[in-house]
Amino acid sequence: MGSVAFNHVYKYYKGEANPSVNDFHLDVADGEFLVLVGPSGCGKSTTLRMLAGLEEVSQGDIYIDGKFINYVSPKNRDIAMVFQNYALYPNMTVFENMALGLQLHKVAKHEIEQRVSRAAKMLEISHFLTKRPGQLSGGQKQRVALGRALVREPQVFLMDEPLSNLDAKLRTQTRVEISKLHSELRTTMVYVTHDQTEAMTMGTRIVVMEKGKIQQVAPPQHLYDHPNNMFVAGFIGTPQMNFIPGAIVSEHNVFYFENRRLKIRVPESRCAQIAAARTNLRQVVLGIRPEYVLSESWALEQYPDWRITAIVDSREPMGSNTFLHAKSGDDTFISRAEAHTPIQPGDTVSLVVRMDRAHFFDSESGVSFAAQGDLRS
Ligand SMILES: Nc1ncnc2c1ncn2[C@@H]1O[C@H](COP(=O)(O)OP(=O)(O)O)[C@@H](O)[C@H]1O
Ligand SMILES: [Mg+2]
């Protein structure tokens, strides 16, 4: 059905020295919700547009349902696309906008009516089928655009930042609706976003891209727990993972992470990984997420080996918890504390760095020690 395969795909735009999409190689299984995520300009839309047939492939092959489609025109690819700017026809009613694609494909009239009414019900837009886009709010327009894609009953849905024009509350609501639609329809989706929260909450698998290149492909929790490199580690998660440069040294068969200010014991559970790392241990980066930098007294008691001293710079109350920004020399640690923590800016505090949850990266390549086993050349 709706499987997609990218076989070493490249895109060179005219006049650009570097490829905008660089060796994109990936199989998408039928029924997957695949999210492409990465900063602006990393090549997400270009990848999606090549799949849609809106942009030529410079090199490599793309298959939908096993069929080679590089030269198949967009309308014959059995896909439907939803864009950020809705792209509705202002002079047509909602019904006409939703029906247009089916009319062009010569679908019978009663069938069109059936499909539009079914999609309208799913999206709760039945009551404004006779309105024009100009009479609708942004959120309603985006549901119409979704509806127009739904009625096509395609093998693959393609969505390019469809929620970007919606306000925060509507974005969350529509995000949940799209996820629900996917679990009802089980149609393959390829969804582009720069928003890591959208990626984490919607994707069954996430592709993190940077500068045209795939950095990592994994299910959301795996990506969060096991980032292959510093780019992925820093991109996924807010506030972002703390990165502390330093060295790993060994004394009497115990490893320590050390820099000018800090010396923290590395637990035995990590020794095998460190011993196997193909990295200069004098130049490493310790990565630790804010939820594993703790200020609470239970943590200080439980993990005496992993205490550091730092001065609190600022606090960010989020309501459900408070983030403390603390400095130890030049190093900044963001720590997730309880909402009502008494710690204030200017305080000197003890923090626990949960070394059992630490990541180690090669400071030159950014590659995680854990990922060095499957390093590709
Ligand atoms: N039509 C175009 N002509 C030339 N360069 C383009 C064109 N479209 C996009 N690019 C370039 O390709 C790169 C990737 O763009 P894009 O795929 O739109 O990124 P994203 O969707 O991740 O923000 C960017 O450097 C962008 O400037
Ligand atoms: Mg884009």
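For the structure itself, look to the data block above.
Residues numbered from 1 in each chain as written. Chains lettered and ligands numbered in written order. Predicted model: local features only at pLDDT ≥ 70, side-chain atom pairs only at ≥ 80, totals over all residues. Heavy atoms only, no water.

Participant: It is not clear to me how the site of ligand 1 should be interpreted in this structure. Could you clarify?
Facilitator: Near ligand 1, the surroundings consist of Tyr13, Ser20, Pro39, Ser40, Gly41, Cys42, Gly43, Lys44, Ser45 and Thr46. Contact distances for ligand 1 include 3.2 Å between an oxygen atom and a backbone N or O atom of Cys42. Lys44 has a polar side-chain atom sitting 2.9 Å from an oxygen atom of ligand 1. Starting from 560 Å² of accessible surface for ligand 1 in isolation, the protein chains cover 59%. For the shell around ligand 1, the class distribution of residues is three nonpolar, six polar and one charged. (Near = heavy atom within 4 Å. Polar contact = N/O pair within 3.5 Å; in protein donor to acceptor, adjacent residues only side chain to side chain. Areas by Shrake-Rupley, 256 points an atom, 1.4 Å probe, with all protein chains shown as cover. Nonpolar A, V, L, I, M, F, W, Y, C, P; charged D, E, K, R; others polar.)

Participant: It is not clear to me how the pairing of strand β6 (residues 79–82) should be interpreted in this structure. Could you clarify?
Facilitator: The side chains of a regular strand alternate between both faces of the sheet. Going residue by residue along β6, you find Ile79 and Met81 tucked away on one face and Ala80 and Val82 tucked away on the opposite face as well. Here β6 pairs with strand β7 (residues 156–160) via four bridges, running parallel. Considered in β7, the bridge of Met81 is made with Leu158. (Buried < 20%, exposed > 50% of the residue type's maximum accessible area, 1.4 Å probe, protein only. Helix = DSSP H or I, 4+ residues; strand = E, 2+ residues; numbered from the N terminus. Pairing = 2+ DSSP bridges.)

Participant: How should I be thinking about helix α3 (residues 109–122) in this particular structure?
Facilitator: Along an α-helix, residues three or four apart share an orientation, since each turn contains 3.6 residues. The end-to-end C-alpha distance of α3 is 20 Å, a good match for the 20 Å that 14 residues give at a rise of 1.5 Å each. Of the residues making up α3, those classed as buried are Ile112, Arg115, Val116, Ala119 and Ala120. Summarising the axial view, the buried residues of α3 lie within an arc of 130 degrees, below the 170-degree limit, and thus occupy one face. Among the exposed residues of α3, those pointing more than 90 degrees away from its buried face are His110 and Lys121. Buried residues along α3 sit against α2 (94–104) and α4 (138–151). (Expected span 1.5 Å × (residues − 1). Arc of directions from axis to C-beta. Contact = heavy atoms within 4.5 Å.)

Participant: When you look at the sheet that holds strand β15 (residues 293–294) in this model, what are you seeing that I'm missing?
Facilitator: The pairing of strands in a sheet happens through backbone hydrogen bonds and is either parallel or antiparallel. Pairing is antiparallel across the open sheet formed by five strands, whose spatial order is β15-β19-β16-β17-β18. A single partner strand is all that each edge strand has here, and the edge strands are β15 and β18 (331–338). Examined bridge by bridge, strand β17 (residues 321–328) and β18 share eight bridges and lie antiparallel to one another. Its bridge partner being in β18, Ala326 is matched across the sheet by Phe333.

Participant: Explanation requested: the pattern of salt bridges in the structure shown.
Facilitator: Pairing is possible between side chains of opposite charge, provided their charged atoms come close. Summed over all chains, the structure comprises 11 salt bridges. Note that Lys11 and Glu55 form a salt bridge whose closest N and O atoms lie 3.7 Å from each other. A residue pair is termed long-range when its members are at least 10 positions apart, and Lys11 in strand β1 (residues 4–11) and Glu55 in the loop between α1 (44–52) and β4 (59–64) qualify at 44 residues. A residue is classified by how much of its surface remains accessible, and Lys11, at 6% relative accessible area, is buried. In this structure, Arg115 engages Glu111 in a salt bridge whose closest nitrogen and oxygen atoms are separated by 2.9 Å. Note that Arg115 and Glu111 are positioned in helix α3 at a spacing of four residues, about one turn of the helix. For Arg115, a relative accessible area of 14% corresponds to the buried category. Salt bridges sharing common partners tie together Glu111, Arg115, Arg118 and Glu153. (Salt bridge = Lys/Arg side-chain N within 4 Å of Asp/Glu carboxyl O.)

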